[in-house]
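# Residue-level structural notes
So you can see what is in the structure, the chains are spelled out below.
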Amino acid sequence: MTGRDNTLWLQFWRDRRTDFHQIAVNSLLAQFWPSLNAAPGSRVFVPLCGKSLDMLWLAGQGHQVIGVELSEVAVKAFFKENRLRPVRRRVGKFTLWRSGRLSILCGDYFALTAAELGQINTVYDRAALTALPEDIRGHYVSQLRRIVPETATILLLTAEDLELEPLSNETDDVSDEIIALYGKDFVIELSHVQRIDEVDSQAFAAGEAGLYKVYHLSCKTPSQA
Ligand SMILES: C[S@@+](CC[C@H](N)C(=O)[O-])C[C@H]1O[C@@H](n2cnc3c(N)ncnc32)[C@H](O)[C@@H]1O
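Residues numbered from 1 in each chain as written. Predicted model: local features only at pLDDT ≥ 70, side-chain atom pairs only at ≥ 80, totals over all residues. Heavy atoms only, no water.

The protein chain is annotated in an unreviewed UniProt entry as Thiopurine S-methyltransferase from Methylomonas rosea. Quoted straight from UniProt, the Catalytic activity (unreviewed entry) entry for the protein chain says "S-adenosyl-L-methionine + a thiopurine = S-adenosyl-L-homocysteine + a thiopurine S-methylether." Among the UniProt annotations of the protein chain, the heading Sequence similarities (unreviewed entry) holds the following wording: "Belongs to the class I-like SAM-binding methyltransferase superfamily. TPMT family." (UniProt positions renumbered as here; feature names shortened; annotations may be inferred.)

This is the structure we're talking about:
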């Protein structure tokens, strides 16, 4: 399978319609990454990475960072804008761009194999799951299960639009969608909930209401399944 919206994403990058790109490191990443106790040198996977500066931050923590991104425009911009000189080589259907601890596989996430991705200790997902249409998100999670070992933990950041999901007692809880997608195989810990107007956010237009949620996900052990 391939991402259904691939043509659209490629066009967004060509047209520079990249409002989702954050011009600073995500503050929730910096705040919640330490709680994972990820060892320096361990490998962090950043699916649908765009040209996120969060990858630079993760490499700065001593991690080996490997992103996957469809658009060559995005990958080229990431290395150029950060004054890095990558080397490139072919890996299956992908082009691997690498500079020091930073690597990006350019190609379709849904076509990636575990062998091409290599060992992964932690997954960092910001606007990857939620960038995809709702009916594709189940495939995104199944693919993640195929290519990432069960021992990997996931730091998942989501943004919920309160215009679409009006305030109720449930908004401070794990969202129903996250339970539906991850609940069978993962232990879900909701670590943090923050109203969007409390943070400097690009996720919503001015005046809109929303919630950021930070989840820690880990595969269930046989006794938890
Ligand atoms: C909403 S952006 C988020 C980017 C990044 N995570 C960030 O925080 O800035 C989603 C990214 O996923 C990429 N993308 C979409 N579908 C993809 C696919 N099937 N394989 C790889 N990348 C994909 C898009 O080109 C885009 O850069």
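## Here's the deal with the environment of Ala 152
Locating Ala 152 in the fold gives a position in the loop between helix 6 (137-147) and strand 7 (153-161). In the structure, Ala 152 is positioned 66 residues away from Ser 218 in sequence and 6.9 Å away in space, judged by C-alpha atoms. Aside from chain neighbours lying at most four places away, what touches Ala 152 is Ile 120, Asn 121 and Thr 122. (Helix = DSSP H or I, 4+ residues; strand = E, 2+ residues; numbered from the N terminus. Contact = heavy atoms within 4.5 Å.)

## Some remarks on the pairing of strand 3 (residues 87-91)
Where strand 3 and strand 4 (residues 94-99) come together, five bridges link them in antiparallel fashion. Paired with Val 87 across the two strands is Arg 98, which belongs to strand 4. Counting the residues between successive antiparallel strands, the hairpin from strand 3 to strand 4 contains two residues, one of them, Gly 92, with a positive phi of roughly 55 degrees. (Pairing = 2+ DSSP bridges.)

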